[in-house]
Amino acid sequence: MERVFAEGERVGVLLTEPLGRALTGVLDYRAPEGGCGTGDFVEVPLGPRRMLGVVWGPGDGSFDENRLRSVTRVLDARPMRAELRQFLTRAADYTMTPLPAMLRLATRAPGLGEPPGQRRVYRLSGPVPNRLTDARLRVIEALRGFGGAAVTLGELTDAADCSASVVKGLVTAGVLAEVEAPRDLPYPDLTPTGSTTLLGDQVTAAQALVKAVAQGGYGTTLLKGVTGSGKTEVYLEAVAECLRNGRQALVLLPEIALTAEFLTRVEARFGARPAEWHSGATQTERRRLWKMVSEGRAQMVVGARSALFLPFQQLGLIVVDEEHDTSYKQEEGAFYNARDMAVLRASICGAQVVLASATPSLESWVNADQGRYTRLDLGARYGSAELPEMRAIDMRAERLASNRWISDPLAAAVQARQAAGEQSLLFLNRRGYAPVTLCRACGEQVGCDACDARMVEHRFLGRLVCHQCGATKPVPVACPSCGVEGRMAPVGPGVERLAEEVAERFPEARLAILSSDLFGSARALKERIEEIAAGGADIIIGTQIVAKGHNFPLLTLVGVIDADLGLQGSDMRAAERTFQLMRQVAGRAGRTGERRGLALLQTCQPEHPVIRSILGGDEEAFWKAEAAERRAAGVPPFGRMAGIILSGPDVAQVFDYGAELARRDGPLRRVGAMLYGPAPAPIARIRGRHRVRLLIKADRQTTLQPAIAEWLGQLRPPANLRVAVDIDPQSFF
Ligand code: ADP
Ligand code: ZN
């Protein structure tokens, strides 16, 4: 039973905003008229403001009785369940994030306490005429893009980028209807029928997952299978079982552009679309989804990492698809890894977790190897589809003209696909035209004024862009350093520049460039991907967004322009990342099975162990070798690590603070942890703030967080200096 507090009783309310140095963020208030209970969403006064909070328990009595203020009101929302409160608390402790910041992640729905009410929404009501103005067409497309969700006038005009009169005109013409709808429509029921006939390994894997879900309780399974082996089909069986048991399922996808295909599959199989949670969703949709999830009336949610913080009533299953994907790690505000947090939440609420990937993270591979996770393998591709053949092109033997990046063997392969009416993908993980703009007179490279980073030329924009802070400036005519005019030159390739070479060499081919910065919205990107999948391009040039799960049936050749790119630098995950990325990209080829795919990797070091294991295909050997290296170095997952990033406007101050912290490392040494640094971060300045890193290493048995808290607690940072703690850091920028 949750505790109930009578009017006037002292309660502790967790606020959604961190308060100065109040570490817990829980403040004492009096229960309002009518009382309140633990978990209630409430509005409380704070100085002159009103703030959202959650009743966290009895007050701790730390605040003067006479100055105690009352909770303003209890909001009309389902109280937060004990399971979610515990999850937020443990996630905050683990990631060393202030609890209010965690609560904010769990309350990202506008007006969550307001009563339902009515509002005006727009629907298709009549046949769509063949001839429409552009603006009208955009409205219809936008409406379809919302996939049947209720859409308000503001949302529609935003999505279609038109004025209200265009929408009203369509209503007058009888194409759209304007209706009063309840604010929070329930989601259509999903019926877990219409299953696919599974084959071979798929049957065994699905049975195991279904059994685990049916039994209830916590467990994590690593579902490993090459792209196209049917992982999605298999975990949808687990989802179906979860729904049959009356529990909710959450499917996390790393990229919202991926959801389109997935939603269609769910609809085909369960008779309706699941609820969709992501940053591109409208406010109305967010609120509706949050409400419905909390009432148990959204059975299945598909979403980005933040969906993990939704108020599920009865969560039975969490799927983390492409679990190795780096976008699951949030590295701003709260630093957390959604994959790890999914496991934490499931262990608290007694749910199953499925981690699906063709190229698991080393962490998950080791967890399965050591028996903490169950492992299920799907051996082959579905049907007759085979994995692509992989070959290296030794670039040391190729004679490329200057500013050319496609070797003759690769060009010949592209030519052959074009002749056969098949698609080729050229992969280059570099956005923009050229990574460096150099002065040929003095050697100066154009950098960002606010960051320690070179600026990248983007020809489509006609400007230089800083990939750290987003600042832009025109490409200078005169060198900013030596003043010589007309000697500034682009150096190295980005996808836009590669496109020039492709256009020159294959003038007949229809080109498509897929790079996140070239699309205004996720929807635009999604549409372009669908077009390409339907055969709307012959040669696709893409950055890493093409590596993620998209299905291009006509694609039979993948050419990696620079397979060595990711191997440079000192990141301990360089090998793992390159291996994953190359295998994922190669996996795009030959998915349909009519023709075997081919992947060609241009490399200057074909004998490099990582390149050899990518080509060789003995994945287990790769993971074993990688695990052995990490074990020997005592780094994750065989040791613990935490990164501390200090940043501030005054470089000396940041270093002094870091040095002082390093001198006081007693609390860390007492638990056997080692402190390295301070050292300038690889990107030593972002947005005008100087960045300094410290790194803490300890063995696996050590619980680092309390020691870090004690250590940092010794020394108050100066007012304008930020201290960010990154437990289990994934990147070291
Ligand atoms: P993955 O998630 O491992 O990439 P998918 O589940 O997307 O694989 O399967 C790849 C393709 O093969 C999909 O188009 C899927 O519908 C199809 N497929 C997989 N298994 C079956 C099956 N048993 N029966 C029919 N189609 C299947
Ligand atoms: Zn910048």
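Colleague: How do you make sense of the coordination of the zinc ion (ligand 2) when you look at a structure like this?
Modeller: Ideal geometry at a metal gives 109.5 degrees between four tetrahedral donors and either 90 or 180 degrees between six octahedral ones. Those donors, Cys448 (SG), Cys451 (SG), Cys466 (SG) and Cys469 (SG), are the protein atoms that reach the zinc ion (ligand 2), and they lie 2.3 to 2.4 Å from it. Coordination at the zinc ion (ligand 2) comes from four donor atoms whose angles at the metal span 105 to 113°, giving a geometry best classed as tetrahedral. In the primary sequence, the donor residues of the zinc ion (ligand 2) line up as C-x2-C-x14-C-x2-C. According to the relative accessible area criterion, Cys448 is buried, its value standing at 8%. Classification of Cys451 as buried rests on a relative accessible area of 2%.

Colleague: Teacher, can you tell me more about unusual backbone geometry here?
Modeller: One can expect most non-glycine residues to show negative phi and most peptide bonds to be in trans. Here the residue pair Pro636 and Pro637 is connected by a cis peptide bond, since its omega of 5° sits within 30 degrees of zero. Within the secondary structure, Pro637 is located in the loop between helix H17 (619–633) and strand E30 (639–648). Here Gly677 and Pro678 are connected by a cis peptide whose omega angle stands at 10°. Structurally, Pro678 can be placed in strand E31 (residues 674–686). For Met96, which is not a glycine, the phi torsion comes out positive at approximately 55°. Along the chain, Met96 turns up in the loop between helix H1 (82–95) and helix H2 (99–105). For Asn403, which is not glycine, the phi dihedral falls at a positive 60°. Checked against the element boundaries, Asn403 lands in the loop between strand E19 (389–394) and helix H12 (408–419).

Colleague: Is there a simple way to think about the state of the cysteines in this case?
Modeller: Here, the word disulfide means a covalent bond between the sulfur atoms of two cysteines. Tallying each qualifying case throughout the model produces zero disulfides. Among the cysteines around Cys479, which has no disulfide bond, Cys442 carries the closest sulfur, lying 3.7 Å off. Using a relative accessible area of 4% as the deciding quantity, one classes Cys479 as buried.

The rules behind each value
- Residues numbered from 1 in each chain as written.
- Chains lettered and ligands numbered in written order.
- Predicted model: local features only at pLDDT ≥ 70, side-chain atom pairs only at ≥ 80, totals over all residues.
- Heavy atoms only, no water.
- Donors = N, O, S within 2.8 Å, 3.2 Å for Na, K, Ca; no water.
- Tetrahedral: all angles 85-135°; square planar, octahedral: opposite > 155°, others 65-115°.
- Buried < 20%, exposed > 50% of the residue type's maximum accessible area, 1.4 Å probe, protein only.
- Helix = DSSP H or I, 4+ residues; strand = E, 2+ residues; numbered from the N terminus.
- Disulfide = S-S within 2.5 Å.

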